[in-house]
Amino acid sequence: MLIEIGQVEAIFRYPVKSMGGERLEAAELGWYGLEGDRRLAFRRMRIEDRSGMPWLTASKLPDLLLFAPQRRHDNAREGGVRKDGAPGDLPTHIRTPDGQEMPVFGEDLATEVGRRYGAPVQMMQLRHGIFDEASISVIASDTVQEIGRLAGRSFDVQSLDVRRFRPNILVRLLRPAPFQEDEWLGGVLSFGEGDDAPAIAVTMRDERCSMVNLDPESARPAPEVMKAVVRANQNHAGIYGAVTRIGRLAVGQTIHLRAAT
């Protein structure tokens, strides 16, 4: 049985892992998440820890959040590929925190990021994306607001503070209640109407890291945010999903849950 749980309040995509994101009115949901989401990342050329993760993230360089992917319209496409050789759904340039725009695959950008990090890095592209746990993430605005309240901060979803949690889909719940996402585990979320509506299987709770402490506008840390998530819900906020039906997502779509049996 399908249960209506809310609406799509916002859609976010992050073309370069850990860099600034994009707020969209609509996006294509493919088998590997949102088209163009986290298809690029900087690889650390020297890995001194044993985590096995070669990617440079904002947990190691908070300044990454202040780099903004850009698309220049003067890069004409031929057959879905830009003349600079990159697929058409990827950014062409990156705006640095200092306001400079550099080609996404250029040496200048890699040098600038490497200088801030203190070690060499290389921009990489992966066709199926570069994800920590799963290709799609969802959180409810009530969850974000409750974490803000517990942390002594006034998160305003409309001002995009929700970006701390870097979701793909923000949900406006029909039955407001924080951490309601935990109840969806094992179920399937569908977006829009009809038997062919895009859908994801809810596979796990989203265990949070220090990224939630970082202000997306300044990269300044606020440790009380993650502490609030730990106290309130064992360090979980939102869910991860696996795509089970592809299609077009759009703000305002009704979201239905087919609960686990």
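Just so we're clear, the structure is a prediction, and the values are computed from it rather than from any experiment.

Draft legend 1. How the structure looks around the overall build of the protein. When its secondary structure is counted, the protein shows 3 helices and 18 strands. The contacts of the protein with a sequence gap of at least 6 include a subset with a gap of at least 24, amounting to 71%. Just so you have it, the protein exposes about 12,400 Å², and 47% of that area is on carbon and sulfur atoms.

Draft legend 2. The arrangement of the nonpolar core in detail. Formed by 23 residues in total, the largest nonpolar core has its most connected members in Ile-169, Val-171, Trp-184, Leu-189, Phe-191 and Ile-200. Once residues within four sequence positions are removed from consideration, Phe-191 is found in contact with Val-8, Ile-169, Ala-197, Pro-198, Ala-199, Ile-200, Leu-249, Gln-253, Thr-254 and Ile-255.

Draft legend 3. How the structure looks around unusual backbone geometry. Despite not being glycine, Ser-18 has its phi angle at roughly 75°, a positive value. Considering the arrangement of structural elements, one finds Ser-18 in the loop between β1 (2-13) and β2 (22-24). Judged by its relative accessible area of 4%, Ser-18 is buried. In this model, Asn-235 sits at a positive phi of 70°, which is unusual for a non-glycine residue. Assignment of secondary structure puts Asn-235 in the loop between α3 (224-233) and β16 (236-245).

Draft legend 4. Molecular detail of the sheet that holds strand β3 (residues 26-30). Strand order in the open sheet formed by 3 strands is β4-β3-β17, with antiparallel pairing between adjacent strands. The open sheet has two edge strands with one neighbour each: β4 (33-34) and β17 (247-250). As paired strands, β3 and β17 are joined by 4 bridges and run antiparallel to one another. Pairing of Ala-27 across the sheet is with Leu-249, part of β17.

Draft legend 5. Up close: the pairing of strand β18 (residues 254-258). For β18, the buried fraction is high: 4 of the 5 residues fall into the buried class. Bridging between β1 and β18 involves 5 bridges; their strand directions are antiparallel. From the neighbouring strand, Gly-6 faces β18, where its bridge partner is Ile-255. One ladder, built from 4 bridges, connects strand β14 (residues 188-191) with β18; its direction is antiparallel. The residue bridging Ser-190 from the neighbouring strand is His-256, located in β18.

Draft legend 6. Region of interest: a nonpolar patch on the surface. There is a patch of nonpolar side chains on the surface, built from Trp-31, Tyr-32 and Ile-246 and spanning about 320 Å² of accessible area. Within the secondary structure layout, Ile-246 lies in the loop between β16 and β17. Relative accessible area serves as the criterion here: at 37%, Ile-246 is assigned to the partly exposed category.

What counts, and at which threshold
Residues numbered from 1 in each chain as written. Predicted model: local features only at pLDDT ≥ 70, side-chain atom pairs only at ≥ 80, totals over all residues. Heavy atoms only, no water. Helix = DSSP H or I, 4+ residues; strand = E, 2+ residues; numbered from the N terminus. Contact = heavy atoms within 4.5 Å. Areas by Shrake-Rupley, 256 points an atom, 1.4 Å probe, with all protein chains shown as cover. Core = buried A, V, L, I, M, F, W, Y, C linked by side-chain atoms within 4.5 Å. Buried < 20%, exposed > 50% of the residue type's maximum accessible area, 1.4 Å probe, protein only. Pairing = 2+ DSSP bridges. Patch = residues over 30% accessible without salt bridge, like charges linked within 9 Å, V, L, I, M, F, W, Y side chains within 5 Å. Salt bridge = Lys/Arg side-chain N within 4 Å of Asp/Glu carboxyl O.

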